[in-house]
Amino acid sequence: MAAPMPGRPVAAVAIGASTGGVEALLQLLPALGGESAVSVFAVLHLPRERSSLLAEIFAPRCRLPVRDVQDKDPVLPGSIYFAPPDYHLLVDDGPQLALSMDPPVEHSRPSVSVLFESAAAVYGPRLLGVLLTGAGSDGASGLQAVQRAGGVTVVQQPADARMPQMPEAALACMTPDHVLTLEEIMSLFQALPCEACA
Amino acid sequence: MNAAPPSAEDVELRLLVEAIYHVYHYDFRHYARASLRRRMSAAMAHFGCRSLSELQGRLLREADVFTELLEYLTVQVSDLFRDPGYFRALREKVVPLLRTYPSLKIWIAGCSTGEEAYSMAILLREEGLLERSLIYATDINPNALRRAEAGVYDAAKVPDFTANHRRSGGHSSLSDYYSAAYDRVIFDKRLRRHIVFSDHSLATDSVFAEVQLVSCRNVLIYFDRELQSRALDLFYEALCRKGFLGIGLRESLRFSSHADAFAEFAREDRIYRKVDG
Ligand SMILES: C[S@@+](CC[C@H](N)C(=O)[O-])C[C@H]1O[C@@H](n2cnc3c(N)ncnc32)[C@H](O)[C@@H]1O
């Protein structure tokens, strides 16, 4: 099928997932071309020990570099950032990375909603928000913020998700631009029009 | 990204922190925006305000509102021996050098509810240094300081605390330092005697003592570069020659104005050493 397009070029992609998220991202992130100039932020709920391994798992499989996250580092185009264990990852003006040790949101630190809301405030309509598989309801309110700021929103089809709760929670409170299978999100990523490449 | 005009919310946020500064003398003007925005929207929801301007109106007229708001602006979260590797590095690499001083002064900046200060006191006790040490533990949140003084924590957190303590290289039993009562534990007065808790702002106050070690963890992440630089100036000034500075694991001095003032001492654990200026 034809890749569903976000409609306009984006500068950044924010992705959230919980249970089943590593497998889903192992399909999605390698689909981004090495020449892509989008900045990608991802929050995965994982036990501390596993989440510090994310860079090791993803770096060799992705064409975009997976970068280490330090508070206040400038956000680089064409880069992938994972929220570090036990901190919220936010995007701040600049854009630059920001971390916070504030209490868990929706039982999660890092929280998908915290990332989405902060990125929505910085990127507005130039953001693509993607909510994937997971238990719980983290990400729903954040994805609404992305939509309110004019960003493009994508939710994984609950039936296609390893755990449908997170996508369902979002669908219960909003109508995203696209409800897609992982396969379809992959083609979207392959053809992602980004600002700097346009 | 500089072409876009500031949003209404950004302008309101700027005015609000300005108002707080003028009326209550707490300076949040140089806090990192992203976290500040989040905390303010949580506060707006709590007070049932529909905009920051509305919140500002109430704030200017009702002092109680500010007391409550402060709890949102300085969220309290901490753990005993958070990041055990940091405390292990202090124990194994810094303590041997601290032993050479006849008396020790240590500054825990942004101590929150006290966990970091008690961790430090326990570590010093285990290393036989507590008797000659004084720990200054400072914060701007009066409630947090009160709780820190009391040294009372939720018993449910003790298993995590104990595991962290062990991984930090602790060679005594954590239970030697607290007594349990119902669902609470209270830390020993003998630790408490070596800690002075006080109100001090890295944004508005100046240096109050000369110290051999500053530990300021997960506080700089809430500041913008300018305020970070002010805080680092204070630490530089407070530290004795070749004194130590420890910061949070995701914080760095790499791009700061002070990259040359502090040399990396234990890189992975974010411990630096003052360079003679
Ligand atoms: C996340 S807590 C860190 C607690 C502890 N250091 C740790 O790492 O577990 C941040 C603390 O910084 C304090 N803080 C915020 N602004 C401050 C300022 N201007 N001066 C001193 N402390 C400040 C807050 O009140 C809060 O207690």
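Residues numbered from 1 in each chain as written. Chains lettered and ligands numbered in written order. Predicted model: local features only at pLDDT ≥ 70, side-chain atom pairs only at ≥ 80, totals over all residues. Heavy atoms only, no water.

## Considering the confidence of the model for chain B
Working step 1: Of all residues in chain B, 99% have pLDDT values of 70 or greater, and the mean over the chain is 95.
Working step 2: In the model output, the complex is listed with pTM 0.94 alongside ipTM 0.93. (pLDDT = per-residue confidence, 0-100.)

## Focus: the side chain of B:S35
Working step 1: Tracing the backbone shows B:S35 in helix α2 (residues 33-47).
Working step 2: Those residues in contact with B:S35 that sit more than four places away from it in its chain are A:L90, A:L99, A:S100 and B:Y222. (Helix = DSSP H or I, 4+ residues; strand = E, 2+ residues; numbered from the N terminus. Contact = heavy atoms within 4.5 Å.)

## Let's talk about the interface of chain B and chain A
Working step 1: Between chain B and chain A, the residue contacts involve 28 residues of the former and 32 residues of the latter.
Working step 2: Interface area, chain B with chain A, both sides summed: about 2,500 Å², of which 48% is carbon and sulfur.
Working step 3: The tally of links from chain B across to chain A stands at 6 salt bridges.
Working step 4: Counting the contacts that link chain B with chain A gives 15 residue pairs in polar contact (both at pLDDT 80 or more).
Working step 5: Going through the elements one at a time, α2 and α10 (225-238) of chain B are the ones with two or more residues in the side of chain B that touches chain A. (Buried area = accessible area lost by both parts, 1.4 Å probe. Salt bridge = Lys/Arg side-chain N within 4 Å of Asp/Glu carboxyl O. Polar contact = N/O pair within 3.5 Å; in protein donor to acceptor, adjacent residues only side chain to side chain.)

## Let's talk about the packing of helix α4 (residues 112-123) of chain A against helix α5 (residues 140-148) of chain A
Residues and elements named next belong to chain A.
Working step 1: Here α4 crosses α5 at 10°, and the two axes come no closer than 7 Å. What the angle tells us is that α4 and α5 run roughly parallel. From α4, S113, F116, E117 and A120 reach across to α5, where they touch A140, S141, G142, L143, A145 and V146.
Working step 2: Broken down by class, the residue content of the contact of α4 with α5 amounts to 6 nonpolar, 3 polar and 1 charged. (Axes fitted to C-alpha atoms, helices over the stretch in contact; angles between N-to-C directions. Parallel < 35°, antiparallel > 145°, perpendicular 65-115°, else oblique. Nonpolar A, V, L, I, M, F, W, Y, C, P; charged D, E, K, R; others polar.)

## Describing helix α6 (residues 115-126) of chain B
Residues and elements named next belong to chain B.
Working step 1: The end-to-end C-alpha distance of α6, which contains 12 residues, comes to 16 Å, matching closely the 16 Å that a straight helix rising 1.5 Å per residue would cover.
Working step 2: Across the 12 residues that make up α6, a large majority, 11, are buried.
Working step 3: Within the span of α6, buried status applies to E115, E116, A117, Y118, S119, M120, A121, I122, L123, L124 and E126. (Expected span 1.5 Å × (residues − 1). Buried < 20%, exposed > 50% of the residue type's maximum accessible area, 1.4 Å probe, protein only.)

## Structural notes on the packing of aromatic side chains
Working step 1: Going through the model one piece at a time under the given rule, you end up with 21 aromatic pairs over all chains.
Working step 2: Between A:F58 and A:F82, the ring centres sit 4.9 Å apart and the planes meet at 45°, which makes this aromatic pair tilted. Residue A:F58 is found in helix α3 (residues 54-58), and its partner A:F82 is found in strand β4 (residues 79-82); the two are separated by 24 residues along the sequence.
Working step 3: Taking the relative accessible area as the measure of exposure, A:F58 reaches 0% and is therefore buried.
Working step 4: A centroid spacing of 6.4 Å and a plane angle of 10° characterise the contact between B:Y26 and B:F28, whose relative ring orientation is stacked.
Working step 5: With relative accessibility at 19%, the residue B:Y26 sits in the buried group. (Phe/Tyr/Trp six-rings, centres within 6.5 Å; stacked < 30°, edge-to-face > 60°.)

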